[in-house]
Amino acid sequence: MGLAALLADRIRASGPISVAEYMAQALGHPEHGYYMSREPFGLAGDFTTAPEISQVFGELVGLWCAVSWQRMGAPSKVVLAEMGPGRGTLMADLLRAARTLPSFAAALDIHLVETSPALRNRQAQTLAGQPARWVERFDQLPDGPLLLVANELFDALPIRQIQKHGEKWVERMVGLDEAGALAFVPGRRVRRPPLAPAVLAAPDGAIAELCESGRDLAAAIGRRLAASPGAALIIDYGPPESGAGDSLQAMRAHRYHPVLSDPGLADLTAHVDFQSLAEAARRAGAAAHGPVSQGRWLLGMGIEERTVMLMKNASPQQAADLAGRARRLIDPGEMGTLFQVLALTSPSLPAPPGLDP
Ligand SMILES: C[S@@+](CC[C@H](N)C(=O)[O-])C[C@H]1O[C@@H](n2cnc3c(N)ncnc32)[C@H](O)[C@@H]1O
């Protein structure tokens with residue numbers, strides 16, 4: 001039995017489920033969840049992420065980590081953790097760049113935070129020979145100074161959707177239509193939803209999204225950075241300021257797919273609400289910097305200079321390819337403005353590289 005049929009049975013037995021529960025099951029069901037058994041990246045998969053486009057992306061994240069470590073006073077040991085590491089490509093590129101500063105490389109206690117057994121195996125292959133350890137949750141990381149990186153993790157965390165009906169907000173649920181197929185249905189009234197004023201003022205019929213697990217994670221990161229030195233780099237897609245709108249989308253083989261069709265077989269993501277992540281981390285005692293657009297951050301970190309350096313040792317065709325890949329990451333029409341970069345740091349640290357005001 002596939003996941004759609006399992007969910008339909010559950011809904012028939014005990015009623016509609018929230019959009020967050022639908023998303024959690026579609027991505028993380030132990031047997032049928034999208035990330036649990038497959039490797040969805042690249043041309044043969046469903047989508048391509050920045051580290052898979054250019055090695056320069058992970059190298060510049062490595063440079064960011066090295067500078068942040070120096071600003072923390074160059075502790076002799078620092079936990080370097082990546083959350084949601086996919087194929088392990090970003091971490092491999094980061095570590096290659098880190099080796100150019102041997103004292104930094106020697107200080108690293110490498111951890112990967114990953115829920116998917118299949119992707120853990122893939123990461124272990126990519127990082128063969130590296131002294132890396134795996135945990136399932138952020139709160140399982142060892143104590144001490146921390147450098148944390150998360151690229152396209154938060155967009156995979158389940159969101160609730162609520163819809164405005166006149167002056168009321170109502171939970172959007174996943175139920176069944178008359179033919180027994182999964183369909184959106186209205187649920188209970190939600191009193192005083194924690195939304196930004198601009199979202200609360202949205203017109204009748206508007207949909208708003210709440211990512212409670214994302215906010216909880218940002219708060220947990222913030223508490224840790226308030227208690228011990230550290231910096232976290234969050235890169236993801238979404239607008240820089242909170243807004244209303246239905247951003248839930250499914251991708252299969254690089255094309256949009258209906259959100260409620262084939263749960264577990266298509267990727268499901270939603271825009272990241274950077275403003276609410278920054279607020280949650282600040283309330284927990286950390287400093288938040290940005291977000292700034294990915295294009296601006298990469299340019300500030302030196303993507304052009306690094307790409308030109310790589311092009312010098314490349315054939316004309318390889319050089320054109322390198323330049324094209326860098327453009328894809330920074331151009332406003334591609335990933336340059338759709339993606340944002342948010343940094344969270346211990347409050348005593350200065351603004352991190354690429355995020356200076
Ligand atoms: C879209 S992929 C991003 C992969 C990688 N960061 C990249 O840029 O190529 C999302 C990753 O997050 C992992 N993931 C999803 N939910 C997670 C969670 N709650 N905790 C840790 N990892 C999670 C997935 O298994 C996958 O590795």
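The structure this text deals with has already been given above.
Scoring rules and cut-offs
- Residues numbered from 1 in each chain as written.
- Predicted model: local features only at pLDDT ≥ 70, side-chain atom pairs only at ≥ 80, totals over all residues.
- Heavy atoms only, no water.
- Helix = DSSP H or I, 4+ residues; strand = E, 2+ residues; numbered from the N terminus.
- Buried < 20%, exposed > 50% of the residue type's maximum accessible area, 1.4 Å probe, protein only.
- Contact = heavy atoms within 4.5 Å.
- Pairing = 2+ DSSP bridges.
- Axes fitted to C-alpha atoms, helices over the stretch in contact; angles between N-to-C directions.
- Near = heavy atom within 4 Å.
- Polar contact = N/O pair within 3.5 Å; in protein donor to acceptor, adjacent residues only side chain to side chain.
- Areas by Shrake-Rupley, 256 points an atom, 1.4 Å probe, with all protein chains shown as cover.
- 1 Å grid on protein atoms, 1.4 Å probe; cavity = no way out; pocket = protein on both sides within 12 Å on 5 of 7 lines; lining within 4 Å.
- Sits in = over half its atoms within 2 Å of the grid points.
- Nonpolar A, V, L, I, M, F, W, Y, C, P; charged D, E, K, R; others polar.
- Expected span 1.5 Å × (residues − 1).
- Points joined across faces, edges and corners; volume = space filled by probe spheres on them.
- Core = buried A, V, L, I, M, F, W, Y, C linked by side-chain atoms within 4.5 Å.

1. Focus on the overall build of the protein
Helix and strand counts for the protein stand at 15 helices and 15 strands. The C-alpha extent of the protein, read off along each of the three principal axes, is 60 × 45 × 40 Å. Taking all 357 residues of the protein together, the buried fraction comes to 54%. Sequence-distant contacts in the protein: of pairs separated by 6 or more residues, those separated by 24 or more amount to 74%.

2. Considering the sheet that holds strand β12 (residues 255-257)
Within the open sheet, the three strands sit side by side as β12-β11-β13. Their pairing is antiparallel. Because the sheet does not close on itself, it has two edges, and the strands there are β12 and β13 (267-269). Averaged over all pairs of adjacent strands, the angle between their axes in this sheet comes to 40°, without regard to strand direction. Pairing between strand β11 (residues 249-252) and β13: three bridges, direction antiparallel. Of the residues in β13, the one forming a bridge with Ala 250 is Leu 268.

3. Regarding the site of the ligand
Not every one of the 18 residues close to the ligand is listed here, only the nearest: Tyr 35, Thr 49, Gly 84, Glu 114 and Asn 151. Within the backbone of Asn 151, a nitrogen or oxygen atom sits 2.7 Å from a nitrogen atom of the ligand. Computed on the free molecule, the ligand has an accessible area of 600 Å², of which 91% lies beneath the protein chains in the complex. Mapping the ligand onto the cavity grids shows that it belongs to the largest pocket. Class assignment of the residues belonging to the shell around the ligand gives a composition of nine nonpolar, six polar and three charged.

4. Overview of helix α10 (residues 212-227)
Compared with the 22 Å implied by 1.5 Å per residue over 16 residues, the 23 Å span of α10 between its first and last C-alpha is a close match. Looking at α10, one finds that the buried residues are Gly 214, Arg 215, Leu 217, Ala 218, Ala 219, Ala 220, Ile 221, Gly 222, Arg 224 and Leu 225. In this structure, the buried side of α10 is in contact with β2 (78-83), β5 (146-151), β9 (207-210), β10 (230-237), α11 (274-283) and β15 (339-345).

5. Here we look at empty space enclosed by the protein
For the structure on display, the rule yields two cavities of 30 Å³ or more. What the largest cavity holds in volume is close to 50 Å³. Forming the boundary of the largest cavity are Ser 68, Arg 71, Ala 231, Thr 345, Leu 349, Pro 350, Pro 352 and Pro 353. Of the voids in this model, the second largest cavity is the one considered here, and its volume is about 30 Å³. For the second largest cavity, the full set of lining residues is Tyr 22, Ala 26, Ala 250, Val 259, Ser 261, Asp 262, Pro 263, Gly 264, Ala 266, Asp 267 and Leu 268. Breaking the lining of the second largest cavity down by element, the ones donating at least two residues are α2 (19-28) and β13. For the lining of the second largest cavity, the residue count by class is seven nonpolar, two polar and two charged.

6. Comments concerning the environment of Glu 209
Considering the arrangement of structural elements, one finds Glu 209 in strand β9. In this structure, Glu 209 is in contact with Ile 159, Arg 160, Gln 161, Leu 195, Gly 245, Asp 246, Ser 247, Leu 248 and Ala 270, ignoring residues within four places of it in sequence. For Glu 209, the side chain forms a polar contact with the side chain of Gln 161, separated by 2.9 Å.

7. Points about the nonpolar core
What tends to happen in soluble globular proteins is that the nonpolar side chains get buried as a cluster. If you look at the biggest cluster of nonpolar residues, it comprises 57 residues, and the most contacted ones within it are Phe 138, Leu 141, Leu 148, Phe 154, Ile 221, Leu 268 and Leu 344. Ranked by residues supplied to this core, first place goes to α10 with six residues. Setting aside its immediate chain neighbours within four residues, Leu 344 contacts Ile 221, Leu 225, Gly 230, Ala 231, Ala 232, Ile 234, Ala 281, Ala 287 and Ala 288. With 47 residues, the next largest nonpolar core counts Cys 65, Leu 94, Leu 310 and Ala 326 among its residues.

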